[in-house]
Amino acid sequence: GYNIAIGNDAGKYGSNANYSIFMGYAAGEGDSSNTSNNDNNTGIGHMSLKAITTGDDNLGLGYRTLNANTTGSRNLAIGNNALDLADTESDNIAIGYDALGGAVAGGEKNVVIGNYAGDALDDAGSTVIIGYQAASNTSANVSNSVMMGYRAGYASEGYATVLLGYNAGKGANG
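These figures come from a predicted structure and were not determined experimentally. (Residues numbered from 1 in each chain as written. Predicted model: local features only at pLDDT ≥ 70, side-chain atom pairs only at ≥ 80, totals over all residues. Heavy atoms only, no water.)

(A) Local environment of the environment of Gly62. Tracing the chain through its elements places Gly62 in the loop between strand S4 (59-61) and strand S5 (76-78). Distance from Gly62 to Ile52, taken between C-alpha atoms, is 16 Å for residues 10 residues apart in sequence. Ignoring sequence-local partners within four residues, the contact set of Gly62 consists of Ile44, Gly45, His46, Ser48 and Asn80. (Helix = DSSP H or I, 4+ residues; strand = E, 2+ residues; numbered from the N terminus. Contact = heavy atoms within 4.5 Å.)

See below:
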């Protein structure tokens with residue numbers, strides 16, 4: 001109860017959702033085989049939070065933000081395709097076009113700011129990535145890292161790494 005859904009298929013399977021707002025085609029649609037039981041979510045944009053089932057306290061603003069999220073909670077995604085492939089992950093912040101756009105398998109507690117920043121990550125946790133294309137084209141585990149600057153960590157690998165500055169660590173391994 002107490003939901004707002006505007007748009008074709010918005011909040012379609014969210015009969016058990018509470019205090020949520022979904023605006024846009026298929027925003028907060030949910031899963032037909034699992035009547036959505038989620039609370040306090042806001043998805044504004046075409047297919048924002050489309051797959052949500054039991055995840056709570058998420059905010060998605062933009063086309064396909066948090067699109068694959070089913071059970072992840074406390075995520076914030078702003079910008080088209082931001083955090084669009086994470087499904088069960090929680091406590092992530094992604095701001096920018098395609099920011100943290102990879103599958104981020106099990107990756108939680110990340111802060112990613114910048115267009116294309118962390119756009120291909122499929123394993124990262126407790127990481128801070130800031131800058132245009134910072135950690136872009138990087139699919140390796142970069143958990144516990146800080147990458148700040150234009151293309152810092154671009155196409156690189158490195159667990160618990162600190163990279164600061166223009167092209168810092170670009171293409172580096174290890």
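Once you've had a look at it, read on.
(B) Representation of the side chain of Thr65. By the element assignment, Thr65 lies in the loop between S4 and S5. On the accessibility criterion, Thr65 (0% relative accessible area) is buried. Other than its neighbours up to four places away in sequence, Thr65 contacts Met47, Ser48, Leu49, Gly60, Ala77, Gly79, Asn81 and Ala82. (Buried < 20%, exposed > 50% of the residue type's maximum accessible area, 1.4 Å probe, protein only.)

(C) Main features of the sheet that holds strand S1 (residues 4-6). Across the sheet, which stays open at both edges, the 10 strands sit in the order S1-S2-S3-S4-S5-S6-S7-S8-S9-S10 with parallel pairing between neighbours. On the outer flanks of this sheet lie S1 and strand S10 (162-164), each paired with one strand and no other. Across this sheet, the average inter-strand angle for adjacent strands is 5 degrees, counted without regard to direction. Alignment of strand S8 (residues 128-130) against strand S9 (residues 146-148), held across 3 bridges, turns out to be parallel. Directly across from Ile130, in S9, lies its bridge partner Met148. (Pairing = 2+ DSSP bridges. Axes fitted to C-alpha atoms, helices over the stretch in contact; angles between N-to-C directions.)

(D) Summary view of the environment of Ala17. Counting through the fold element by element, Ala17 comes out in the loop between S1 and strand S2 (21-23). Distance in space between the C-alpha atoms of Ala17 and Thr54 is 8.6 Å, their sequence separation being 37 residues. In contact with Ala17, not counting residues within four places along its chain, are Gly1, Asn3, Ser36, Asn38 and Asp39.

(E) Here's a closer look at the packing of aromatic side chains. Inspection of every chain in the model, using the stated rule, returns 5 aromatic pairs. Here the aromatic rings of Tyr2 and Tyr19 are separated by 5.5 Å at their centres, their planes lie at 5 degrees, and the arrangement is stacked. Note that Tyr2 is positioned in the segment before S1 and Tyr19 in the loop between S1 and S2, a separation of 17 residues in sequence. Each member of the pair Tyr2 and Tyr19 is classed as exposed. (Phe/Tyr/Trp six-rings, centres within 6.5 Å; stacked < 30°, edge-to-face > 60°.)

(F) How the structure looks around unusual backbone geometry. The residue Leu66 is not glycine, and still its phi comes out positive at about 50 degrees. A positive phi angle is found at Ala155, which is not glycine, with a value near 50 degrees. Note that Ala155 resides in the loop between S9 and S10.

(G) Highlighting the side chain of Ser136. One can find Ser136 in the loop between S8 and S9. Within the structure, Ser136 has its side chain in polar contact with the side chain of Asp119 (distance 3.0 Å). Ser136 has contacts with Tyr116, Gly118, Asp119, Gly153, Tyr154 and Ala155, leaving out every residue within four places of it along the chain. (Polar contact = N/O pair within 3.5 Å; in protein donor to acceptor, adjacent residues only side chain to side chain.)

(H) The arrangement of the nonpolar core in detail. Membership of the largest hydrophobic core comes to 26 residues, with the highest contact counts inside it found for Leu83, Leu100, Ile129 and Met147. With residues near it in sequence (within four places) discarded, Leu100 still touches Leu83, Asp84, Asn92, Ala94, Asn110, Val112, Ala117, Gly118, Asp119 and Leu121. (Core = buried A, V, L, I, M, F, W, Y, C linked by side-chain atoms within 4.5 Å.)

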